[in-house]
Amino acid sequence: MAEPILAPSILASDHTRLAAEAQGVKAAGARWLHIDIMDGHFVPNLTFGPQTVADLRPKSDLFFDVHLMLDNPQDFIEPFVKAGADQVTIHVEPDYDIVATLRRIRDLGVKNGIVFNPSTPVEAVEPFLDQVDIVLAMTVQPGFGGQSFQDSVLEKTAQLDRWRAERGIDYRIEVDGGVNLENAPRCRQAGVDTFVAGTAFFKHPSRIEFRKTIESLPA
Ligand code: DX5
Ligand code: ZN
């Protein structure tokens, strides 16, 4: 199993000072920054556009993990890659050409990933497992930070972990939503190697300790 990585979610930070918040993530020793992009249609909320990512890019050398919660992600791949995304993940639920969009992300030179909601069966992402760098299992209904972690999703990450081993495919397994230091060990036991955390990370009294605890979880 791959080494655990924490991806703090900038959604939970002060949006009037995103560059400083990204620098705070770096100061905690994190290597990744999770950036949530919402369209007000696929999810009932709005966040950032490509310009936000482009403006952050020269101010941070973190790995930008850009999570598109859009009905039409295929229209926004180039803008977000040009803006500086290092990885772009797209949801399985909307109706668009997923295979072509995953390929387009890789053709543009960055990592790709497929995301599924808590109510979506894990089998929905199965056709794409040999075409992705990461599979993101939402552990809350996407749209807002600060919701409660849904433990039932861990059966799905465990299945993704079994498929990964049986088929010898090398995707990462990421969870996003309500992740904290209490549930992270259970995630790790269920095959997770990539941990998005918004509220729990930004509110923790020691972000360095938070990061170290996640990144030293045993396999
Ligand atoms: C939810 C977003 C998450 C969010 C997680 O729609 O995709 O990335 O930032 O926030 P917490 O950790 O507060 O649940
Ligand atoms: Zn997210």
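Our subject is the structure listed above.
Rules behind the numbers
- Residues numbered from 1 in each chain as written.
- Chains lettered and ligands numbered in written order.
- Predicted model: local features only at pLDDT ≥ 70, side-chain atom pairs only at ≥ 80, totals over all residues.
- Heavy atoms only, no water.
- Core = buried A, V, L, I, M, F, W, Y, C linked by side-chain atoms within 4.5 Å.
- Buried < 20%, exposed > 50% of the residue type's maximum accessible area, 1.4 Å probe, protein only.
- Helix = DSSP H or I, 4+ residues; strand = E, 2+ residues; numbered from the N terminus.
- Arc of directions from axis to C-beta.
- Contact = heavy atoms within 4.5 Å.
- Near = heavy atom within 4 Å.
- Polar contact = N/O pair within 3.5 Å; in protein donor to acceptor, adjacent residues only side chain to side chain.
- Areas by Shrake-Rupley, 256 points an atom, 1.4 Å probe, with all protein chains shown as cover.
- Phe/Tyr/Trp six-rings, centres within 6.5 Å; stacked < 30°, edge-to-face > 60°.
- Lys NZ or Arg CZ within 6 Å of the ring centre and 35° of its normal.
- Donors = N, O, S within 2.8 Å, 3.2 Å for Na, K, Ca; no water.
- Tetrahedral: all angles 85-135°; square planar, octahedral: opposite > 155°, others 65-115°.
- Pairing = 2+ DSSP bridges.
- Right-handed = clockwise from strand over helix to strand, strands pointing away.

## Structural notes on the nonpolar core
Link 1 in the chain: Membership of the largest hydrophobic core comes to 60 residues, with the highest contact counts inside it found for Ile90, Leu160 and Phe195.
Link 2 in the chain: Here this core gets four residues from one element, more than from any other, and that element is helix α3 (residues 77–83).
Link 3 in the chain: The next biggest cluster of nonpolar side chains, apart from the first, holds six residues, and it includes Ile5, Ala7, Trp32 and Val196.

## Considerations on helix α4 (residues 98–107)
Link 1 in the chain: Buried within α4 we find Ile98, Thr101, Leu102 and Ile105. Along the axis of α4, the buried residues cluster in a sector spanning 100°; they form a single face.
Link 2 in the chain: Those residues of α4 that are buried lie in contact with α3, β4 (87–91) and β5 (111–116).
Link 3 in the chain: Glycine 109 lies just past α4 and shows a positive phi near 95°.

## Description of the site of ligand 1
Link 1 in the chain: Around ligand 1 sit 20 residues, and of these Ser9, Asp36, Gly143, Asp176 and Thr199 come closest.
Link 2 in the chain: Contact distances for ligand 1 include 2.9 Å between an oxygen atom and a backbone N or O atom of glycine 146.
Link 3 in the chain: Threonine 199 places a polar side-chain atom, nitrogen or oxygen, 2.5 Å from an oxygen atom of ligand 1.
Link 4 in the chain: When ligand 1 sits alone it has 380 Å² of accessible area, and the protein chains cover 99% of it.
Link 5 in the chain: Contributions of two or more residues to the shell around ligand 1 are made by β2 (32–38), β3 (63–69) and β8 (194–197).
Link 6 in the chain: At three residues, the largest contribution of residues to the shell around ligand 1 is made by β2.

## Focus: the packing of aromatic side chains
Aromatic rings in a pair are described by how distant their centres are and how their planes are angled relative to each other.
Link 1 in the chain: This structure, assessed with the given rule, holds three aromatic pairs.
Link 2 in the chain: These aromatic residues form a ring-pair network of at least three members: Phe201, Phe202 and Phe210.
Link 3 in the chain: For arginine 57, the ring lying beneath its charged end belongs to phenylalanine 64, and the centroid distance is 3.6 Å.

## Structural notes on the coordination of the zinc ion (ligand 2)
Link 1 in the chain: Donor atoms from the polypeptide that bind the zinc ion (ligand 2) are His34 (NE2), Asp36 (OD), His67 (ND1) and Asp176 (OD), placed at 2.0 to 2.3 Å.
Link 2 in the chain: If you look at the zinc ion (ligand 2), its six donor atoms make angles of 68 to 168° with each other, and the shape they trace is octahedral.
Link 3 in the chain: Sequence spacing of the donors to the zinc ion (ligand 2): H-x1-D-x30-H-x108-D. With histidine 34 in strand β2 and aspartate 176 in strand β7 (residues 172–176), this pair connects stretches of sequence that are 142 residues apart.

## Considerations on the pairing of β3
Link 1 in the chain: Here β3 lies mainly inside the structure; seven of its seven residues are buried.
Link 2 in the chain: Pairing of β2 with β3, which is carried by seven bridges, proceeds in the parallel orientation. Bridge pairing in β3 places leucine 33 opposite phenylalanine 64.
Link 3 in the chain: Remark: the β2/helix α2 (residues 50–56)/β3 crossover connection has right-handed handedness.
Link 4 in the chain: One ladder, built from four bridges, connects β3 with β4; its direction is parallel. By the bridge assignment, aspartate 65 is partnered in β4 with glutamine 87.

## Considerations on the pairing of β2
The side chains of a regular strand alternate between both faces of the sheet.
Link 1 in the chain: Burial analysis of β2 places seven of its seven residues in the buried class, the great majority of the element.
Link 2 in the chain: Side chains Trp32, His34, Asp36 and Met38 project from β2 onto one buried face, and the interleaved Leu33, Ile35 and Ile37 project onto a second face that is buried too.

## Brief notes about the side chain of asparagine 117
Link 1 in the chain: Relative to the helices and strands, asparagine 117 is located in the loop between β5 and β6 (134–138).
Link 2 in the chain: Relative accessible area serves as the criterion here: at 6%, asparagine 117 is assigned to the buried category.
Link 3 in the chain: What asparagine 117 contacts, discounting residues up to four positions off in sequence, is Phe42, His91, Glu93, Met138, Gln141, Pro142 and Lys156.

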